[in-house]
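# Structural description and commentary
Each chain, letter by letter, is given below.
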Amino acid sequence: MKANCWYGKKKVEVVEVAEPRILNRHDAIVRITATAICGSDLHLYDGVVPTMERGDILGHEFMGEVVEVGPEVKKTKVGDRVVVAFPISCGHCFSCQHEAFSHCENSNPNAWIAEKMLGHSPAGIFGYSHMTGGFAGGQAQYARVPFADVGALKVPDGLRDEQVLFLSDIFPTGYMAAENCNIRPGDTVAVWGCGPVGQFAIRSAKLLGAEQVVAIDRVPARLKMAKQGGAEPVNFEDSDVYDALLDLTAGRGPDSCIDAVGMEAHAPMMIGWYDRLKQLLMLESDRPFALRQAILACRNGGIVSVPGVYTGWIDKFPAGAMMNKALTIKTGQTHAQRYMRPLLERVQKGQIDPSFVITHRLRLDEAPKGYELFSRQDGCIKVVMDPWK
Amino acid sequence: MATETIELKPERRREPALESAGPAVQRRQPPTPPRQRNREPRTVRPQIAGPLSDAGLGWFSIGLGAAGLLFPRAISRWLVRRDHRRLLRAVGARELASGIGLLSGRQTAAWLWSRVAGDAMDLLLLGAASQSRRASAGRIAATTAVVAAAAAVDVMSAVQEEAGRRVHVRQSITTNVSPEAAYDFWRDLANIPRFMRHIRSVTPTGPRHSHWVATGVAGIRIEWDAELTEEQPNRLIAWRTLPGARIRSSGRVEFERAPDDRGAVVRVEMEYEPPLGSLGVTAARLLGREPAQQLHEDLRRLKQLLETGEIITTQGQPAGRPSGASWKYDSAARDDQTVADR
């Protein structure tokens, strides 16, 4: 089959590989009908996530038809049309039973690597480095889905692939980021980063009743899409973000701040170069500009919600602001399985059509082009690929 | 959670040849500390007097070192009729350091190995010196013989020091099943090879006895017989190897109800004398078999079996390279496959 594989920094290639087979009794094999490139895949593309190996099959946002199931798969049936959650979760451990699916204690065979780096291991994740299990991903024609009864959600026929594909990751991720803000009537929510997760965070914050949502980015197309979603756009290259936010909230600061940027933040001038230099010299692994700014701008007693991906260490963390302002920091890989069904219902009710975020439709063969476009950010917000064209 | 200690055995088997050759002398030995169940790691240093003791080697080193530092020119002239003062002083300083290290009584094995390394260096220097035309062949040969003898003593002492060590590991894990279920699973000895990576088979040979086959470092097959020493249903299982087994080890596993009934806490404690002592452990570590980590992985597999009934793997999946699982990172998944294959 065809699969998009990682071969190094800025180097992905669609190659012919073996078809996946059932390896564990709770596995299913899915014939993929739609697959996407996630913003977090760009961290892999840029070579800043450790424990990648040449030949790893990428992709953790995919859906398709079940073509084979293992002997212990009970709910999922051959022929089901399913969308697959990006974390691999067993459904039996303490974390899974408390719906903390991205902390599944049994799905990461390489938990020891993550424990060395993070203290504790997250769940296994499709196509996202060996630290999270080294599982083959879904930018391919077929994928093996471990614990299919927990991770694969059956979708009704009435909805197109493009309307349900993002239940795999970015919609639940944006939604959980907004839910973590504990939004009350009258709240202002500021969102750093208007990539796909930022876009869903903006719309989710609106769905959850935010009075005002502020969208911070520098790419005009992204700010435009954010504005269409009901946000107030702030271009951080044109204006000072802190001043703009205080202006928009009459001095209070946003009630909650969402960092939908993560470890590769772009920052103006000196600070940007400072972090880039430190990252280059391996003095810090992540560039936390958006996180610093979110902590400094958030109102006293507010919430900072972090869906953006960090993998290592940062420098100049504003601990003084965090402590003196009594901030609450909420974060985590998304417990996707917790949100898929309720969000599917919102899609069915017509409250949101997630396909709004798609700007590029490509063939799987064009994956290298897709990564390049997405990475340049130039009018490219979300790439969806068809593995069979 | 993870602990592992390597400690010295209280008693050390050492029969100094010179002493046993002489008239039977009542050797004063310190009382052997009782073998306690080690909750805390501890190190016991035996005090043995005699020409081959560590202290003896320490004083020997200091003597040599002092000679090298005080009379570098004389020694150098005696050997090669040349003044290699600086070299001799360096050698002397090294000897002095080894001697002080040995007398400190800490990290004895390391200091003994430092002496072995020093001997090797001296032999090389003597080899080089013998090429010199000015050297006295007789004196070089005599010195080489003395150094070689010292090297032999050093190697023997270091190896004995290593062999007296035992490994103590302790690990625990919380599983989302009842203590009863965890106990029953462990008590069925046939289940043990399913989660203990290096155990190939366990065969009950009686109500309290069993025969174990394991894979050691570099795939070497090791077998032994073990007996249950204590058993409390749903609470505790303790075992040890029978006398005469090639491996001496003992261990216990305890099962407790986690607070607020959050499943079962499984605590395992094991102690064993690895073949070749800490050299064996070091070799195992280099091959990725660090004892505490290995037990941790074993318990993780136990948890997976108890909670999901299987061990998740990536061995056999597709990738854009010859092997689906990564040789560099996916060692755990590769070993799981060998578990599944059995």
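See above for the structure.
Okay, so let's go over this structure. Quick caveat: nothing in here was measured; it's all calculated off a predicted structure. (Residues numbered from 1 in each chain as written. Chains lettered and ligands numbered in written order. Predicted model: local features only at pLDDT ≥ 70, side-chain atom pairs only at ≥ 80, totals over all residues.)

### A closer look at the overall build of chain A
- Helix and strand counts for chain A come out as 14 helices and 18 strands.
- Taking 2.2 N^0.38 as the reference for a compact globule, 389 residues should give roughly 21 Å; the C-alpha atoms of chain A span a radius of gyration of 20 Å, in line with that estimate.
- Expressed as lengths along the three principal axes of its C-alpha atoms, the size of chain A is roughly 60 × 50 × 40 Å.
- Expressed as a percentage of the 389 residues in chain A, the buried residues total 57%.
- Of all intrachain contacts in chain A linking residues separated by at least 6 positions in sequence, the fraction that spans at least 24 positions is 71%. (Helix = DSSP H or I, 4+ residues; strand = E, 2+ residues; numbered from the N terminus. Rg over C-alpha atoms; globule rule 2.2 N^0.38 Å. Buried ≥ 20, exposed ≤ 12 C-beta atoms within 10 Å, placed from the backbone. Contact = placed C-beta atoms within 7 Å.)

### Description of helix α7 (residues 196-207) of chain A
All names here are of chain A.
- For α7, spanning 12 residues, the distance from its first C-alpha to its last is 16 Å, which sits close to the expected 16 Å at 1.5 Å a residue.
- Of all 12 residues making up α7, 10 are buried, and the element is well covered by its neighbours.
- Burial in α7 covers these residues: P196, V197, G198, Q199, F200, A201, I202, R203, S204 and A205.
- Check the buried side of α7 and you find it contacts α1 (39-45), α6 (170-179), β11 (188-192), β12 (212-217), α8 (220-228) and β14 (256-259).
- Looking at the residues trailing α7, positive phi occurs at G209, about 100°. (Expected span 1.5 Å × (residues − 1).)

### Observations regarding the sheet that holds strand β2 (residues 11-16) of chain A
Residues and elements named next belong to chain A.
- Here three strands make up an open sheet; going across it, the order is β2-β1-β4 and the pairing antiparallel. Each having just a single partner strand, β2 and β4 (56-57) make up the two edges of the open sheet.
- Across two bridges, the pairing between strand β1 (residues 2-8) and β4 is antiparallel. Bridged to C5 within β4 is I57.
- Along the sheet, helix α14 (residues 367-376) makes contact with β1 and β2, crossing β2 at roughly 160°. (Pairing = 2+ DSSP bridges. Axes fitted to C-alpha atoms, helices over the stretch in contact; angles between N-to-C directions.)

### Observations regarding the sheet that holds β11(A)
Residues and elements named next belong to chain A.
- Judged by pairing direction, the sheet is parallel, and its six strands sit side by side in the order β13-β12-β11-β14-β15-β16 without closing on themselves. Across the chains shown, the open sheet's two edge strands, defined by having one partner strand only, are β13 (232-235) and β16 (328-331). Sheet twist, expressed as the mean angle between neighbouring strand axes with direction ignored, is 20°.
- Bridge analysis of β11 against β12 gives five bridges, and the strand direction is parallel.

### Some details on the interface of chain B and chain A
- Contacts between chain B and chain A engage 28 residues on the former and 38 residues on the latter.
- Residue assignment for the side of chain B that touches chain A shows that the elements contributing at least two residues are α10 (291-308) and α11 (331-341) of chain B.
- Ranked by residue count, the leading element in the side of chain B that touches chain A is α10(B), at seven residues.
- Partitioned by chemical class, the residues of the side of chain B that touches chain A number seven nonpolar, 11 polar and 10 charged. (Nonpolar A, V, L, I, M, F, W, Y, C, P; charged D, E, K, R; others polar.)

### Looking at the nonpolar core
- The biggest cluster of nonpolar side chains holds 122 residues, and the ones touching the most others in it are V30(A), V189(A), V191(A), A201(A) and A215(A).
- Ranked by residues supplied to this core, first place goes to strand β3 (residues 28-37) of chain A with seven residues.
- In this view, V30(A) contacts G64(A), E65(A), V66(A), V67(A), V82(A), V84(A), Y142(A), A143(A) and V145(A); residues no more than four positions away in its chain are not counted.
- If you look at the next biggest cluster of nonpolar residues, it comprises 20 residues, including A182(B), F195(B), W212(B) and A264(B). (Core = buried A, V, L, I, M, F, W, Y, C linked by C-beta atoms within 7 Å.)

### Section: the pairing of strand β8 (residues 264-272) of chain B
Residues and elements named next belong to chain B.
- Pairing analysis gives nine bridges linking strand β7 (residues 249-257) to β8, with the strands arranged antiparallel. Opposite F255, over in β8, you have V266 as the bridge partner.
- What sits between the antiparallel neighbours β7 and β8 is a turn of six residues, in which D260 has the positive phi angle 60°.

### A short note on unusual backbone geometry
- Residues other than glycine seldom take positive phi values, yet A250(A) does so here, at roughly 50°.
- The topology assignment puts A250(A) in the loop between α9 (241-248) and β14.
- Its identity as a non-glycine residue notwithstanding, D261(B) has a phi of 60°, on the positive side.
- Along the chain, the position of D261(B) falls in the loop between β7 and β8.

### Section: the environment of S168(A)
Residue and element names in this part refer to chain A.
- As for its placement among the helices and strands, S168 is situated in the loop between α5 (161-164) and α6.
- Separated by 16 residues in sequence, S168 and A152 place their C-alpha atoms 9.0 Å apart.
- Residues within four places of S168 in sequence aside, it is in contact with E61, F62, M63, V83, V84, A85, F86 and A336.

### Some words on the packing of helix α4 (residues 85-104) of chain B against helix α5 (residues 108-130) of chain B
All names here are of chain B.
- Two numbers describe how α4 lies on α5: the axes approach to 9 Å, and their chain directions differ by 160°. Here α4 lies roughly antiparallel to α5, going by the angle between them. The handedness of the crossing between α4 and α5 is left-handed. Listed contacts from α5 to V91, R94, E95, S98, G101 and L102 of α4 are T108, W111, S114, R115, G118 and D122.
- Partitioned by chemical class, the residues of the contact of α4 with α5 number three nonpolar, five polar and four charged. (Parallel < 35°, antiparallel > 145°, perpendicular 65-115°, else oblique. Left-handed = near helix turned anticlockwise from the far one by under 90°.)

### Some details on the pairing of β16(A)
All names here are of chain A.
- Note: strand β15 (residues 303-306) against β16, four bridges, orientation parallel. Bridge pairing in β16 links V304 to I329.
- What joins β15 to β16 is helix α12 (residues 319-324), and the crossover it makes is right-handed. (Right-handed = clockwise from strand over helix to strand, strands pointing away.)

### Some points on the packing of α6(A) against α7(A)
All names here are of chain A.
- Between α6 and α7, whose axes approach to 7 Å, the crossing angle comes to 50°. Taken together, the axis directions place α6 and α7 in an arrangement best described as oblique. The hand of the α6/α7 crossing is right-handed. Touching I170, F171, T173, G174, Y175, A177 and A178 of α6 are P196, V197, Q199, F200, A201, S204 and A205, all from α7.
- When the residues that make up the contact of α6 with α7 are grouped by side-chain class, the tally is 10 nonpolar, four polar and no charged.

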